[in-house]
Amino acid sequence: ELWGFIVDQDELTQKVKALEQARQANAALEQAKKELQEARDAADAANRAKTTFLFNMSHDIRTPMNAILGITRLMETEQHISGRMRDYIRKMHVSGQHMLALINDVLDMSKIDAGKLRIVKEPVSLAEQVGQIDSIIRPRALEKGQEFTILTHDVAHEFLIGDSVRLGQILVNLLSNAVKYTPCGGAIRLDITELPSADPEHAALSIAVTDNGCGMTREFLTHIFDPFTRGESSTTNKVQGTGLGMTITKNIVDLMGGKITVESEPGKGSRFTVTLSLPIDHS
């Protein structure tokens, strides 16, 4: 009986030690979880501070930048200036426009990070939208001697309900990239197609932007919608930009309940396709 009691005591001691070790392990785990949560909270706070700073800074810079562009536009119309001075003013205006585009990208990305990017519902005229896009993109394409073609297919509903500003932003981002990454003398095409819709109150649209530019590798395509992503080549390294355009475009398409896909091959060009379903405007 004494031997059995000693054995039981040893087992009890071992169990007590095991329980104590388990308690210490749990305490260490809880401490690690607490420290991890604190680190996560600190990172979230820093990210919110960064987003707020970028939003406020971009917004504050954009106001005087618009004023500078307005003044340079007025200066261009002055009669009594030399040709050289007029060329300087034109170059300053172009650089200012580029800077404003960068500021707008940062501002939009800050809104996306903060969850403040909103899609509004308003009347949209496809014809008017296409006309505005043509007036923006065609001069850029002509500067590079590119052929720019717009085609519509089976569009039965011109008047829709959506966010005309964000829809225009999608088109401008895709077409601007096509112009940038297509060499002089290349070809760019915008195809707008109305697809069969399961909902008679909605129009299903396919918007495709095709170019015969430098194209992208299969590896790069897997990261094309990530922030600050740009292809690395002797051609693309000469192109200025924030690397946010495709990220912003993808987020806008997602917020509009649509889908964006891309097909590309190095040296053969790219094709971006956006599909959207928008309510039909019967008013």
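Refer to the preceding data block for the structure.
Presented here is a report on the structure given in the accompanying data block. Not measured: the values here are computed from a predicted model. (Residues numbered from 1 in each chain as written. Predicted model: local features only at pLDDT ≥ 70, side-chain atom pairs only at ≥ 80, totals over all residues. Heavy atoms only, no water.)

**Considering the packing of helix α3 (residues 126-143) against helix α4 (residues 164-180)**
The interhelical angle for the contact between α3 and α4, taken along N-to-C directions, is 25°, at an axis separation of 10 Å. In terms of orientation, α3 and α4 fall into the roughly parallel class. Viewed along their axes, α3 and α4 form a crossing whose handedness is right-handed. Between α3, through Q129, I133, I136, I137, R140 and A141, and α4, the contact on the second element is made entirely by S164, L167, G168, L171, V172, L175, S176 and V179. In terms of residue class, the contact of α3 with α4 is made up of nine nonpolar, four polar and one charged. (Axes fitted to C-alpha atoms, helices over the stretch in contact; angles between N-to-C directions. Helix = DSSP H or I, 4+ residues; strand = E, 2+ residues; numbered from the N terminus. Parallel < 35°, antiparallel > 145°, perpendicular 65-115°, else oblique. Left-handed = near helix turned anticlockwise from the far one by under 90°. Contact = heavy atoms within 4.5 Å. Nonpolar A, V, L, I, M, F, W, Y, C, P; charged D, E, K, R; others polar.)

**Brief notes about the packing of helix α2 (residues 83-113) against helix α6 (residues 245-255)**
The interhelical angle for the contact between α2 and α6, taken along N-to-C directions, is 45°, at an axis separation of 10 Å. Judged on the interaxial angle alone, α6 and α2 are oblique. Seen along the crossing, α2 lies across α6 with a hand that is left-handed. Packed against α2, whose contacting residues are D105, D108, M109 and I112, the element α6 presents T247, I248 and N251 at the interface. Looking at the contact of α2 with α6 residue by residue, the classes come out as three nonpolar, two polar and two charged.

**Things to note about the pairing of strand β7 (residues 269-279)**
Relative to β7, strand β5 (residues 202-211) is paired through 10 bridges, and the arrangement is antiparallel. The residue of β7 that forms the bridge with A208 is T273. Looking at chain direction, strand β6 (residues 259-265) and β7 are connected through seven bridges and run antiparallel. Among the inter-strand pairings, E263 is bridged to a residue of β7, identified as R271. (Pairing = 2+ DSSP bridges.)

**Some remarks on the nonpolar core**
In this structure, L174, L175, L190, F272 and V274 are the most contacted members of the largest nonpolar core, which totals 42 residues. Elements with a minimum of two residues in this core: α2, α3, α4, β4 (187-195), β5, α6, β6 and β7. Among the elements that take part in this core, α4 stands out by supplying eight residues, more than any other. Here L190 is in contact with F148, T149, I150, L151, L171, L175, I207, A208 and V209, once residues within four sequence places are set aside. (Core = buried A, V, L, I, M, F, W, Y, C linked by side-chain atoms within 4.5 Å. Buried < 20%, exposed > 50% of the residue type's maximum accessible area, 1.4 Å probe, protein only.)

**Some remarks on unusual backbone geometry**
Look at D154: it is not a glycine, yet its phi comes out positive at around 55°. Examined against the element boundaries, D154 turns out to sit in the loop between β2 (147-153) and β3 (159-162).

**Quick look at the pattern of salt bridges**
Considering all chains together, one arrives at nine salt bridges under this definition. One salt bridge connects R23 with E20, and the closest N-O pair in it is separated by 2.6 Å. Of this pair, R23 and E20 both sit in helix α1 (residues 2-76), three residues apart, roughly one helical turn. The exposure class assigned to E20 is partly exposed, which follows from its relative accessible area of 32%. The closest approach of N and O atoms between E265 and K268, which form a salt bridge, is 3.5 Å. Residue classification places E265 among the partly exposed residues on the basis of a relative accessible area of 42%. Because the salt bridges share partners, they merge into one network encompassing D87, R90 and K91. (Salt bridge = Lys/Arg side-chain N within 4 Å of Asp/Glu carboxyl O.)

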